[in-house]
Amino acid sequence: MNRNIDINNSNNYNNNDNDYSITSEELSGYVQEENYEAIKQRYGGVLGLSKRLGSNEENGLSQQEATNEERIFRFGRNKMNEVAQKSLLFFIWQAIHDKTLVILIISAVVSIILGLTVEDRKTGWIDGTAILVAVVIVVLVTAGNDYNKEKKFRKLNTIRNERNVSVVRGGHLSSISVYDVVVGDVVKLETGDTIPADGLYIAGQSIAVDESSMTGESDQKRKSNDRPFFLSGCQVLEGSASMLVIAVGPNSQWGKLKLLLQSPDSDTPLTQKLEKLAETIGKFGLIAAILTFGVLLLKYVIVFVKEGHTWHWSELGTIVGFVVTAITIIVVAVPEGLPLAVTISLAYSMMKMMKDQNLVRHLEACETMGGATNICSDKTGTLTQNRMTVVKKIIGKSINPDDLENGKSIVGQQHRDIYSSPTSSSSRHNVYNDSGKVNQHGYEMEMLSNSRILTLLAEGIGLNSTAYIEKHTDRLNDHIGSKTECALLEWLETMPNQSYETVRRENKDRVVKVYPFSSEKKMSAVLMNQNQNISGGLIVYVKGAAEIVLNNCANIIDKNGESLQMSRDEKMLLQKDIEIFASEGLRTLVLAYKEINGEPSSSDEAMVIFTGLTFLALVGIKDPVRKEVPRAVKRCQGAGIFVRMLTGDNILTAKNIARECGILKDGGVAIEGPQFRLLTDDQLDTIIPHLQVIARCSPTDKFRLVHRLRELGEVVAVTGDGVNDAPQLKEADVGFSMGIAGTEVAKEASDIVLLDDNFNSIAKAVIWGRNVYDSIRKFIQFQLTVNIVAVLIAFVGSITNGESPLRPVQLLWVNLIMDTLGALALSTEPPSDELFNRRPYGRYDSLITCRMWRNIIGQSIYQVAFIFSIMYSAASMVELFDLPKVELWTNDDKTVYHTIIFNTFVFCQFFNEINCRVLDNQLNVFRNIHKSYVFVGVVSLCIFIQVILVEFGGEFFGTRHLDYKQWFFCIIIGFGSLIWGLCLRLLPLRDKTTANVEVKPLDVKNLGIDVDVESQPLLGGKSNWKKARNVFTQINVISAFRNQPRLKRTKTLFATKSSDSNARYNRNLNGSGYGSGSR
């Protein structure tokens, strides 16, 4: 039900002027090109366009017109033409297209046909049917997993995207579903709203929009009659406005970008390797089958001709029997358990990764992260907390110049306060107590203990702001509006007995006039009546870009709350503070005030309000790095992964955050987007090994970098949260979207959703990915050993004896049931931190390593040697078998003999499964086996089933009861594979790993473009760097007061990591907003 509020008493409004000659393509084109001039020329501006659309800037559309099917047909609905939810049958059909499964299905059908036509009809169908059952299990597990995952994700998106918006319909303000917004609607936007469609500005007050999710530009955008375009999906940071909707759904810029995501996904590195492995195994089985059939047929022809037999159609049954034998070998060769092992491993990891705040949308992404060689990460929210925070501040007058003349210690008498992280460089703002330790709160508490100063700060922050904070007890507060203003409000909340809500409530009647932030002035202000305790007059509070406001300050407040004239030295010192703050990547603001006698006239308003101010405080604001991020970055780098930061922030902020995270190191390159775009492909290839930071990075920059890295053979993971990040999320091998700050489009384009928007979760995804990769390798090592031995036994046995010593149903147990359970055992072992101690598997690394081949071939030799000895030396081993002489064997004795072969073969696999827990040269295969509950349980279950089959399988399974001697013989041979495996691992064999290529220093001179290479500081790592910085701090302060050139010489000498060129600083200072944008 709509909530209606009458905002206009006029009831005479009608919609007779609709013009449906206007097309959705035309309106969408205006938005895409931001061509307001064309709208003014053709329609006379937004008001003329609204009339042509049958709307009105005040009354909006009528309810009848808003639901007009003709309007909806021409301009569309505000909903994407979503693809219908895929059914379970779709996922089943998709799963059946796996090449391995196709081979299995063909084999099964042929086996059933031959079994029913040539073999005994009572049992001939069993082998083929059992294969089909295996296929059904694999398909249902895979399809069911994908179906449930897709269903849950759709449900999550539906709930998250459903919201109401305020529109004007027929002169009434109505709250309707976002999906019901149509072209021509007049939408009311307030601070915190998400823009529901593309539109044009009609009227408003100081509205600023965050368009970073669409354009990648981190600075907030002010909207006005000169800049009227609103983009759907963006958020209103401050102010309010009414907007005429001109493009919805797929015709909006958000919708168009979403349509780009419908391109098919490319195969992952593991998928490609498994496809190749399946083809190789298929060829191996086919060759073995053809050889078997050829040898058997040749042997039959020779005997047939030699003995002079006459051809009868009954002889065809013998030849068909040869075909059955060949098909059996193919069935044995094809690894039925492999696709199920992959599915089990990925599904198990997906469930575990959910606990680590990773929502996996595509199962293959689990393993792909294990081979990731590059991570391209956003800054805001991923590396940082996405909460702008006041980290450094200077309140009022701090240094008495007389102290310098009296020879007092600059640092000892320092009255500055600063909050800084342990990694931040020291500066002259630290306060030292008698023990030599920093007392960071001393002077701030002294300044804030003065009620006058506290009131000025509280009112200057709380009233000169449109942002607000939604407070929560169970989680962090939500920041609504300007992030910079929210940081100041949070600081205000920490002051003694202060609350911004109380300040606003108690002083709202005192506000005379608000001066919104202006990109020209780079300041905002609020004019108020003086407090009741102060007789008459007005007071104005100003905040804005630090250097600009400081230049307009003539006075400074002291610790007694008195406004004193600011000396030249004090202003110079504050200017140095601003420079130091900015060089550390902080967004700097100055808070000031001014008392005036009366309200200024419009002619001299700017002069009266914004000049002759009293300096109140200088604050340094930044988005703090998450505490766990530096360690996570270091772990990834130690694991051979190149971590890069791509951000929309300016170069100063980007470099400092990257240093703090451990991403930007000596010799690394930080470059800005405009420079990056000038690079040719050859220059880019030269710079890529050194490229660690891209600042002012646009979506096309990200896409180009990711695309080029993939072309160079790298496995790339990339993070993104905005609509504009969707293309690079699709292009990357693994795309990470943000669960909290991410848009719907970004989430749908991604493979993994970071539920906590935290880089640390990416590091956890790496270790799970490597564990998945190892698990699949372990199973392949186990599976191939089983298949090689089984094929050789079947092949040699068929050639020499005319049939395989292992019956098809026994091979099925070995090849399907035990391998499937083996997949469950080897694919569910938990990861260890040791996985971070090696380099990643690259895109082109072999799925089967040299050590794996050693283990596979070595174990195959062991098993084949003993099985063949039993097969062809039975006469000399009858005592070991506890059987009579061969010539006295009955049919039961022969069955017992074949049971011994089968049981020995199976127990070799049981013990070899323990060997397969290790891929390298680690000697202890039982390490942490007590923690692998699934492995122990599965192996125990397999042994139990084997005992049941041997003792009670009977005619159906082709087995007979074995006595204790025969059981002991089988188990001893199987146990020997553990000892043999230990001997194999003692062989000094190393795997071919991705070469740790030494990156040569970048030759900037021959690069052809100016880039910023991180330099090594003058003092080495073993130097007492902090002490040297403190010395530099004192020299810096003294030199500032004495105006000596010594400062420049000293600053050049101690070229620190936190310093940047003045040119870049000034370029950043001249940008829009209070300071640098954040993304």
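Above this note sits the structure.
Just so it is clear, the structure is predicted and the values come from calculations on it, not from any experiment.

Q: Break down the overall build of the protein for me, citing the residues and quoting the values.
A: Broken down by element type, the protein carries 40 helices and 27 strands. Relative to its full complement of 1079 residues, the protein shows a buried share of 56%. Considering only contacts in the protein between residues 6 or more positions apart, those separated by 24 or more positions represent 74%. Carbon and sulfur atoms provide 56% of the accessible area of the protein, an area that totals close to 47,200 Å².

Q: Help me get a handle on unusual backbone geometry, residues and values and all.
A: The backbone of Arg-696 sits at a positive phi, close to 45 degrees, despite the residue not being glycine. Residue placement: Arg-696 occurs in the loop between strand S23 (691-695) and helix H27 (699-711). A positive phi angle, near 55 degrees, is found at Asp-757, a position not held by glycine. Among the secondary structure elements, Asp-757 is positioned in the loop between strand S26 (752-754) and helix H30 (759-801). Residue class for Asp-757 comes out buried when judged on its relative accessible area of 4%.

Q: Please provide a residue-by-residue account of the pairing of strand S24 (residues 716-720), values included.
A: Within a regular beta strand, the side chains point alternately toward one face of the sheet and then the other, so they alternate between its two faces. The element S24 is extensively covered by neighbouring structure, given that five of its five residues are classed as buried. Because side chains alternate across S24, one face comprises the buried residues Val-716, Val-718 and Gly-720, and the other comprises Ala-717 and Thr-719, equally buried. Pairing analysis gives three bridges linking strand S10 (residues 374-377) to S24, with the strands arranged parallel. Counterpart to Cys-376 in the pairing with S24 is Val-718. Alignment of S24 against strand S25 (residues 734-738), held across four bridges, turns out to be parallel. From the neighbouring strand, Gly-720 faces S25, where its bridge partner is Ser-737.

Q: Explain the packing of aromatic side chains to me, and be specific about the residues and the numbers.
A: Tallied over the entire structure, the rule returns 15 aromatic pairs. Ring geometry for Tyr-201 and Phe-230: centres 6.4 Å apart, planes at 25 degrees, overall stacked. Of this pair, Tyr-201 sits in strand S5 (residues 198-210) while Phe-230 sits in strand S7 (residues 229-230); the two residues are 29 residues apart in sequence, bridging distant segments of the chain. Summarising the aromatic geometry, the rings of Phe-779 and Phe-782 are spaced 6.5 Å apart at their centres and angled 55 degrees between planes, so their arrangement reads as tilted. With Phe-779 and Phe-782 both in helix H30 and three residues apart, this pair spans about one turn of that helix. One exposure class covers both Phe-779 and Phe-782, and it is buried. Taken together, Phe-881, Trp-889, Tyr-897 and Phe-969 form an aromatic cluster joined through their ring pairs. Positioned over the ring face of Phe-642 is Arg-644, at 4.0 Å from the centre of the ring. Over the face of the ring belonging to Phe-935 we find Arg-917, whose NZ or CZ atom lies 5.5 Å from the ring centre.

Q: Account for the pattern of salt bridges, naming residues and giving values.
A: For the structure shown, the criterion picks out 27 salt bridges. Its salt-bridge partner being Lys-576, residue Glu-579 comes within 3.6 Å of it at the nearest N-O pair. Of the two residues, Glu-579 and Lys-576 are both situated in helix H21 (residues 568-583); the distance of three residues between them amounts to about one turn of the helix. According to the relative accessible area criterion, Lys-576 is partly exposed, its value standing at 21%. One salt bridge in this structure joins Glu-834 and Arg-927, with 2.7 Å as the shortest N-O distance.

Q: Mind laying out the packing of helix H32 (residues 850-872) against helix H34 (residues 891-915), listing which residues take part and the relevant values?
A: The interhelical angle for the contact between H32 and H34, taken along N-to-C directions, is 165 degrees, at an axis separation of 10 Å. Classed by the angle they form, the pair H32 and H34 counts as roughly antiparallel. The handedness of the crossing between H32 and H34 is right-handed. Every residue of H34 that contacts H32 at Gln-859, Tyr-862, Gln-863, Ile-867, Ile-870, Met-871 and Tyr-872 is listed here: Tyr-897, Ile-901, Thr-904, Phe-905, Cys-908, Gln-909, Asn-912 and Asn-915.

Parameters and conventions
- Residues numbered from 1 in each chain as written.
- Predicted model: local features only at pLDDT ≥ 70, side-chain atom pairs only at ≥ 80, totals over all residues.
- Heavy atoms only, no water.
- Helix = DSSP H or I, 4+ residues; strand = E, 2+ residues; numbered from the N terminus.
- Buried < 20%, exposed > 50% of the residue type's maximum accessible area, 1.4 Å probe, protein only.
- Contact = heavy atoms within 4.5 Å.
- Areas by Shrake-Rupley, 256 points an atom, 1.4 Å probe, with all protein chains shown as cover.
- Pairing = 2+ DSSP bridges.
- Phe/Tyr/Trp six-rings, centres within 6.5 Å; stacked < 30°, edge-to-face > 60°.
- Lys NZ or Arg CZ within 6 Å of the ring centre and 35° of its normal.
- Salt bridge = Lys/Arg side-chain N within 4 Å of Asp/Glu carboxyl O.
- Axes fitted to C-alpha atoms, helices over the stretch in contact; angles between N-to-C directions.
- Parallel < 35°, antiparallel > 145°, perpendicular 65-115°, else oblique.
- Left-handed = near helix turned anticlockwise from the far one by under 90°.

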